[in-house]
Amino acid sequence: AAATPALAANAGASPAPVVTAAAAPAKAAGPDVKVKFKGGPEVTTSDGWAFKLGGRLNLDAGYIDAPDSLGPSDGFGSEVRRARLRVTGKIPGGFGYKFETEFAPGAADFTDAYVSYQDGGLTIEAGQHNTFQGLEELSSSLNTSFIERAAYTDAFNFERRIGISAQYSTGDLLLQGGIFSDNAEDTPNKNFSVDTRVVYAPKIGSAQVHLGGSYHYAKLPEQGSAVRYRQRPFEHFTSTRYINTGLFSADAEIGYGLESAVIAGRFHASAEGHWQHVSRPVGDADPTFFGGAIEVGYFLTGGDTRGYKHGTFDRVKPARPVGEGGFGALQLNLRYDYLDLTDAGIVGGSQKGYEASLIWTQTDYTRLMLNYARLDYTDAFYQTADGSRSYGVDVIAMRAQVDF
Amino acid sequence: AAATPALAANAGASPAPVVTAAAAPAKAAGPDVKVKFKGGPEVTTSDGWAFKLGGRLNLDAGYIDAPDSLGPSDGFGSEVRRARLRVTGKIPGGFGYKFETEFAPGAADFTDAYVSYQDGGLTIEAGQHNTFQGLEELSSSLNTSFIERAAYTDAFNFERRIGISAQYSTGDLLLQGGIFSDNAEDTPNKNFSVDTRVVYAPKIGSAQVHLGGSYHYAKLPEQGSAVRYRQRPFEHFTSTRYINTGLFSADAEIGYGLESAVIAGRFHASAEGHWQHVSRPVGDADPTFFGGAIEVGYFLTGGDTRGYKHGTFDRVKPARPVGEGGFGALQLNLRYDYLDLTDAGIVGGSQKGYEASLIWTQTDYTRLMLNYARLDYTDAFYQTADGSRSYGVDVIAMRAQVDF
Amino acid sequence: AAATPALAANAGASPAPVVTAAAAPAKAAGPDVKVKFKGGPEVTTSDGWAFKLGGRLNLDAGYIDAPDSLGPSDGFGSEVRRARLRVTGKIPGGFGYKFETEFAPGAADFTDAYVSYQDGGLTIEAGQHNTFQGLEELSSSLNTSFIERAAYTDAFNFERRIGISAQYSTGDLLLQGGIFSDNAEDTPNKNFSVDTRVVYAPKIGSAQVHLGGSYHYAKLPEQGSAVRYRQRPFEHFTSTRYINTGLFSADAEIGYGLESAVIAGRFHASAEGHWQHVSRPVGDADPTFFGGAIEVGYFLTGGDTRGYKHGTFDRVKPARPVGEGGFGALQLNLRYDYLDLTDAGIVGGSQKGYEASLIWTQTDYTRLMLNYARLDYTDAFYQTADGSRSYGVDVIAMRAQVDF
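Residues numbered from 1 in each chain as written. Chains lettered and ligands numbered in written order. Predicted model: local features only at pLDDT ≥ 70, side-chain atom pairs only at ≥ 80, totals over all residues. Heavy atoms only, no water.

Expressed as a screw transformation, the operator carrying chain A onto chain C has a rotation angle of 120° and an axial translation of 0.0 Å, and the superposed copies differ by an RMSD of 0.0 Å. A rotation of that kind, with that shift, is consistent with a three-fold axis. Mapped onto chain C, only 16% of the interface residues of chain A again fall at the interface, so the copies present different surfaces. (Least-squares fit on C-alpha atoms with pLDDT ≥ 70 in both. Contact = heavy atoms within 4.5 Å.)

Shown next, in the form of structure tokens:
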């Protein structure tokens, strides 16, 4: 009978040593080790250790229909868009780490590779991580509402960089800032950037509101630095970019971002914009490029909603998943995806993208996506047979996704 | 006393939360999480989740003895033949995934990278996976009876490809078919293939019989496509190929495979053949190349047999493993390994391979292999000092293998 | 009441099935599976299986201050120095394996990739592993007392190689020897080496003493082989080497190493030296280069000491870690790091390095390191604007480290 309370204390969803007060005092027995299951197993201890191995697969196929007699022709394509493994962990004292590897044919890389320290609302991270670019960029690709993020997020070369940052969260306010060098692929180099972001995310009634802004300053190496802004036509498998500034000399990049979003039950909307100003050597005019996107989405299945956490969109967890007799969550999203790479004498072209996304989320960890995009280009990089640089490209994209 | 049945219910081989009916009803406690050990740990839950991290090491050394004064000279060589990590998992609702990475010096890649859906005998897979090439190719390299598969499996470029497939298993019958583009290393490209296979695998008395056939059609991109069929002399560490068609123009590849095998206690035999027909541009004759192998094997240790599962050879599990006081399993295999790459004006040469394999399987997850091959070439790619293209090459190959 | 002893037997730090003698005999229940936590989870079974997934992150930043107008200029730099995942396991019967992958931008590789067999004091390893080079080289980079090992360990190209080795440990004596080909990156080639090492490591009072010597013979391929010895200025992120023999013809490398160390409570000291003799083709004089280092270290925090195991330095485990209300361990180390690459007509230059290291080890699995090095070069590879090849370089290096 004496054993019963001790046993009850172990009645959670995870394995744990069984301790009876008389036979083995908890102290002598050491910390409890528990195994939970969140897509994959997570191991935690009662004294503050945690470890999880995770990963993701994004399997893509699609079709790009561009006007005849353009140089490159795409048509059907397929790829393993993302194949990643990830370890995350916690160490007593507030320490933590994340290390994610990306596998591509013939190559491997890492995305996040950092250590962290947390104390209350304060988090410090050192290593390679994101530079607080904006709402959609910081949201995991597992949780975005389109197969590819808005065009400007790639065009302006948003990427993880090696650096050190601090984040402070208090109530509805989130402050983020860090100093960075460059992506590990490009180090050692002489880049130096300061990146900051502020988010105000109150709950208004049952609606989650998100308002944010970010500022970015990157000093490039002194001599001979150049930048290039360009973007693929929605599909990642192609190397064709219809919009492309080409390389041009630069001293520094200054970016300003504005973010807004609302999640209200089955409905969500978001609007983001980013101004990329380039400081060029004496004698060259400084351009400012702009990209932005507005999207709305609605779940056709009742009870479903987009997740939101720590200033980013989080996972959709279907109210009635397939494994429990339901259909999962079905979401329809529409987006206007604008990017203008022409300014101050640099003619990179502009894109007006009209995009639709249907997402079937069967379980918390799987989804199928079907996207359509109509991309209208002006001053495109490639010209048609009749010499036109203003034309449209149609894209169908599909993805099967799993993570663990 | 009330706790005893609940405890007993947890008396399996794996950790599990301890629930007493009175203190914490099972429903509130969430699903049970169990950790089993199959080479490595596998974590499962009572509501249908599963996760396993696995992998393999193939450590090879060998010697290639070719006639003097041939161009390339090999002699002794060694390599880490396979170094792989793998995650596999199940998600309630019938979903699953497999993601396997291959590490090589200075590079990494993935082999399988797919998601799956299973309902009864039906399995659908999307992503990169095998194209139902044949018995030996589809059997894991962990379970083959020689260090390298028969020459034609490499020569005809059997590989995993990105695609979608369906498999249906009913009684002794297995039907497989899919449409594929290309290996992720080669995408994006315009390849398109249809691959099908049927297997009939009845038990006749205590013997496992396997009969199968496969058909493969691959349409190559329209302009300028070429193929090349060639094969190393049994050892993978060399880049010398004595048999080699060189590149030649091609429009499509059509493959026909026949498979047969029997496993009867300590004895097994198998015979496979594959005809590779190449459709060439107008004006060029279409060749059909053939490769095939016949093998027999016998366990010198009593009670041992080859595993068989889902239309492929499965793991050997020694009846008396080393860790439990036994010697493990000792198996002797002989193979005739034929490949003819000469037809319709293309002279790639032919190989008659006489091969022997001794395998010591200490435990379910370790084995040492010693192989000998005598390869007699006709019309070989390299000629000897006296101008001959018909000669023999002797090969010794060793492997230490572990998986988990 | 009958259940109590069985429960007590499971009262360790890890989950385990709960077995009651009456309800489920242990035999029927299969082996116990336990999950322990050592930085990350380790899964073991009562019948001798074990599996652990681990890894490490080394996140570096630093500054190299070299005289003006030298060719390459470094200044600030940062990198992900090491990002590794590792699996290790045991299989009943004495078998084991280790497989560690290293991720770098755009590439991946493996470090250790071997299988092992252990019987009492005897261990046999086959696959890629270290060649018994010496105390600091064989100590894990997690446990060294400086951010980078002494200059000679890189200069003389210490690396893991594919081979087979035996180690025998008896009392205070450790004997190691193996035959190797080359690193997997360089295979197939014709290198062949014999590497041996002997260590005598008695406890004298409470002090751990370490004395050792090693011998290495590497036969290079017969025609056209060349070697090059060079080293970076302490920081790994740079590709500038101030000390560099350039490539020169060689037939064989013969290495002799001497090792000594003592650990006495908070204090440790070590001295190592390595002579690298190169046998050159007839007509060229054979040089012998020398590198060595002497270091002393002291923990400013009471109760802390360096770990020592199996002939190498082991992990520092702070007596009062941060997560348990302490400050962790604070260690100060000084080193003289000498390398002479000039002999027998080859002028590679020499380095006298004066180095200091401050290490804050918060927990068993995290540390922050701050290093300073003053490197005085003679006959350096690069010359200053005024033509001097004798000058000093100052280096600041920082590292954040976590492993699991």
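And the narrative resumes.
Next up on the list: the interface of chain A and chain C. The interface of chain A with chain C comprises 45 residues on the first partner and 43 residues on the second. Viewed at the interface, chain C and chain A are joined by zero salt bridges. Here chain A and chain C share three residue pairs in polar contact (both at pLDDT 80 or more) between them. Listing elements by their share of the side of chain A that touches chain C, those giving two or more residues are strand S1 (33-38), strand S2 (40-45), strand S3 (50-65), strand S4 (75-91), strand S5 (95-104), strand S6 (107-119) and strand S7 (122-129) of chain A. (Salt bridge = Lys/Arg side-chain N within 4 Å of Asp/Glu carboxyl O. Polar contact = N/O pair within 3.5 Å; in protein donor to acceptor, adjacent residues only side chain to side chain. Helix = DSSP H or I, 4+ residues; strand = E, 2+ residues; numbered from the N terminus.)

The next subject is empty space enclosed by the protein. According to the stated counting rule, one finds 19 cavities of 30 Å³ or more in the structure shown. The computed volume of the largest cavity comes to approximately 290 Å³. If you go around the largest cavity, you meet 18 residues; those closest to its centre are A:Pro41, A:Val43, B:Pro41, C:Pro41 and C:Val43. Looking at the lining of the largest cavity, the elements that each hand over two or more residues are S2 and S3 of chain A, strand S2 (40-45) and strand S3 (50-65) of chain B together with strand S2 (40-45) and strand S3 (50-65) of chain C. A per-class count over the lining of the largest cavity returns 15 nonpolar, no polar and three charged. (1 Å grid on protein atoms, 1.4 Å probe; cavity = no way out; pocket = protein on both sides within 12 Å on 5 of 7 lines; lining within 4 Å. Points joined across faces, edges and corners; volume = space filled by probe spheres on them. Nonpolar A, V, L, I, M, F, W, Y, C, P; charged D, E, K, R; others polar.)

Time to look at the pairing of strand S19 (residues 288-299) of chain A. As defined by bridge partners, strand S18 (residues 267-279) of chain A adjoins S19(A) across 11 bridges and the pair is classed as antiparallel. By the bridge assignment for S19(A), A:Glu272 is matched with A:Ala293. (Pairing = 2+ DSSP bridges.)

Residue and element names in this part refer to chain C. Position of arginine 335 relative to the elements: it lies in strand S22 (residues 329-343). In terms of polar contacts, arginine 335 uses its side chain to reach the side chain of glutamate 136, at 2.9 Å. A distance of 2.8 Å separates a polar atom in the side chain of arginine 335 from the backbone oxygen of glutamate 148. Ignoring sequence-local partners within four residues, the contact set of arginine 335 consists of Glu136, Phe146, Glu148, Arg149, Ala150, Phe234, Ala293, Ile294, Glu295, Gly353, Tyr354 and Glu355.

So, about the pairing of strand S7 (residues 122-129) of chain B. Residue and element names in this part refer to chain B. Where burial is concerned, most of S7 is hidden: six out of the eight residues are buried. Pairing between strand S6 (residues 107-119) and S7: seven bridges, direction antiparallel. Opposite tyrosine 117, over in S7, you have isoleucine 124 as the bridge partner. Connecting the antiparallel pair S6 and S7 is a turn made up of two residues, with glycine 120 showing a positive phi of about 65°. Where S7 and strand S8 (residues 161-170) come together, eight bridges link them in antiparallel fashion. (Buried < 20%, exposed > 50% of the residue type's maximum accessible area, 1.4 Å probe, protein only.)

As a further point, take the confidence of the model for chain A. Per-residue confidence for chain A gives a mean pLDDT of 91, with 92% of residues at or over 70. Within the model, pLDDT remains below 50 along residues 1-28 of chain A, and this stretch shows 59 contacts once partners closer than five positions in the same chain are excluded. (pLDDT = per-residue confidence, 0-100.)

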